[in-house]
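What follows is the residue order along each chain.
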Amino acid sequence: MIKIILFSSIGLLCLMGEVQAQVQKGTRYWGATINSNGQTNSQKFDSPYESDNKVINISPSLQTGWFFKENTMFGVGLSPSISFFRLKSNLVGTEIKSGYNGLAVNLTPYIRRYKALSSKWLLYVHSGVSLSYVRGKDFQGDESSFENGYGVGLGIVPGVAYRLTPRFWLETDVSVFNLNLSYLNFNDNNNVSFQTGLRSEIQQYFTVRAAWYIQKSN
């Protein structure tokens, strides 16, 4: 059903050729967002053992693009993802620290096709190819080890943009309808995955992005 809905929306965009363009050729585009989450947990047991752990994930994203024709943009996105995990345990006065640092950098050339719903609302389909570099560090005490990897992916996701001012817009990718095919080589493992937008948490369906559409001066 998800595939049917997604491909139907793409087909409708291709057929709606008579809708008047809302984004002119030559317009420059900038978009940015940041997501973060984390948690802290402390445990104490009846035995002389205590543990504290912290998890932090930060995922900023920057996109830029150029409309090479009306309602069609070519762009590039840069989206690093940083994660930290820390575990501190104490057993009979002996403290042990361990953890993990993770970094993934995604570079995504993309094409985005727009169609106007009204003077303030635009519907779009965003399709891109992601190139990823992944680096991880495990450590315990004074010992540490590193792993490097890479990945490639192909993704398609529809979205909606709303104009607040002539230049400033708010956008959301409707990830409940997305399709994503990816390959990851990391830590001596090869992983191929195919995903739709079905998620376990409703807040993962939408990501609000601030965007600027700057038309060229005549």
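Above this text sits the structure in question.
Scope of this entry: the structure provided in the associated data block.

So, how was this worked out
Residues numbered from 1 in each chain as written. Predicted model: local features only at pLDDT ≥ 70, side-chain atom pairs only at ≥ 80, totals over all residues. Heavy atoms only, no water. Salt bridge = Lys/Arg side-chain N within 4 Å of Asp/Glu carboxyl O. Helix = DSSP H or I, 4+ residues; strand = E, 2+ residues; numbered from the N terminus. Buried < 20%, exposed > 50% of the residue type's maximum accessible area, 1.4 Å probe, protein only. Polar contact = N/O pair within 3.5 Å; in protein donor to acceptor, adjacent residues only side chain to side chain. Contact = heavy atoms within 4.5 Å. Phe/Tyr/Trp six-rings, centres within 6.5 Å; stacked < 30°, edge-to-face > 60°. Lys NZ or Arg CZ within 6 Å of the ring centre and 35° of its normal. Core = buried A, V, L, I, M, F, W, Y, C linked by side-chain atoms within 4.5 Å.

### Focus on the pattern of salt bridges
Under the defined criterion, the tally for this structure stands at three salt bridges. Across the pair arginine 112 and glutamate 171 runs a salt bridge, and its minimum N-O distance is 3.3 Å. Here glutamate 171 lies in strand β7 (residues 168-174) and arginine 112 lies in strand β4 (residues 94-116), a separation of 59 residues in the sequence. Here glutamate 171 falls in the buried class, since its relative accessible area comes to 1%. When the shortest N-O distance is used, the salt bridge between glutamate 171 and arginine 209 registers 2.8 Å. With glutamate 171 in strand β7 and arginine 209 in strand β10 (residues 206-214), this pair connects stretches of sequence that are 38 residues apart.

### Topic: the side chain of histidine 126
Within the secondary structure, histidine 126 is located in strand β5 (residues 121-140). Relative accessible area serves as the criterion here: at 11%, histidine 126 is assigned to the buried category. For histidine 126, the side chain forms a polar contact with the side chain of arginine 112, separated by 3.1 Å. For histidine 126, the residues in contact, after removing those within four places along its chain, are Gln63, Tyr110, Ile111, Arg112, Gly155, Ile156 and Val157.

### Structural notes on the environment of phenylalanine 139
By the element assignment, phenylalanine 139 lies in strand β5. Its relative accessible area of 18% is what places phenylalanine 139 among the buried residues.

### A word on the packing of aromatic side chains
Under the criterion given, the structure shown has ten aromatic pairs. On the numbers, 5.5 Å between centres and 45° between planes, the contact of phenylalanine 67 with tyrosine 114 is tilted. With phenylalanine 67 in strand β2 (residues 49-69) and tyrosine 114 in strand β4, the pair connects residues that are 47 residues apart, well separated along the chain. For the pair tyrosine 150 and tyrosine 183, a centre-to-centre distance of 6.2 Å together with 55° between the ring planes defines the contact as tilted. Within this pair, whereas tyrosine 150 is found in strand β6 (residues 143-163), its partner tyrosine 183 is found in strand β8 (residues 179-186), the two being separated by 33 residues in sequence. We classify tyrosine 150 as partly exposed; its relative accessible area is 43%. Within the aromatic cluster, the residues linked to one another by ring pairs are Tyr29, Phe67, Tyr114, Tyr124, Trp169 and Tyr213. Over the face of the ring belonging to tyrosine 124 we find arginine 112, whose NZ or CZ atom lies 4.5 Å from the ring centre.

### Quick word on the nonpolar core
Tyr29, Phe67, Tyr114, Leu122 and Tyr213 are the most contacted members of the largest nonpolar core, which totals 13 residues. Listed by contribution, the elements that provide at least two residues to this core are β4, β5 and β10. Looking at this core element by element, the count peaks at three residues for β4. Contacts of tyrosine 213, omitting those with residues within four sequence positions, involve Val23, Thr27, Arg28, Tyr29, Phe67, Arg112, Tyr114, Ala161, Pro166, Arg167, Trp169 and Glu171.

### A few points about unusual backbone geometry
Backbone geometry at asparagine 71 places phi at a positive 70°, although glycine is not the residue there. The residue asparagine 71 is located in the loop between β2 and β3 (72-91) in this model.

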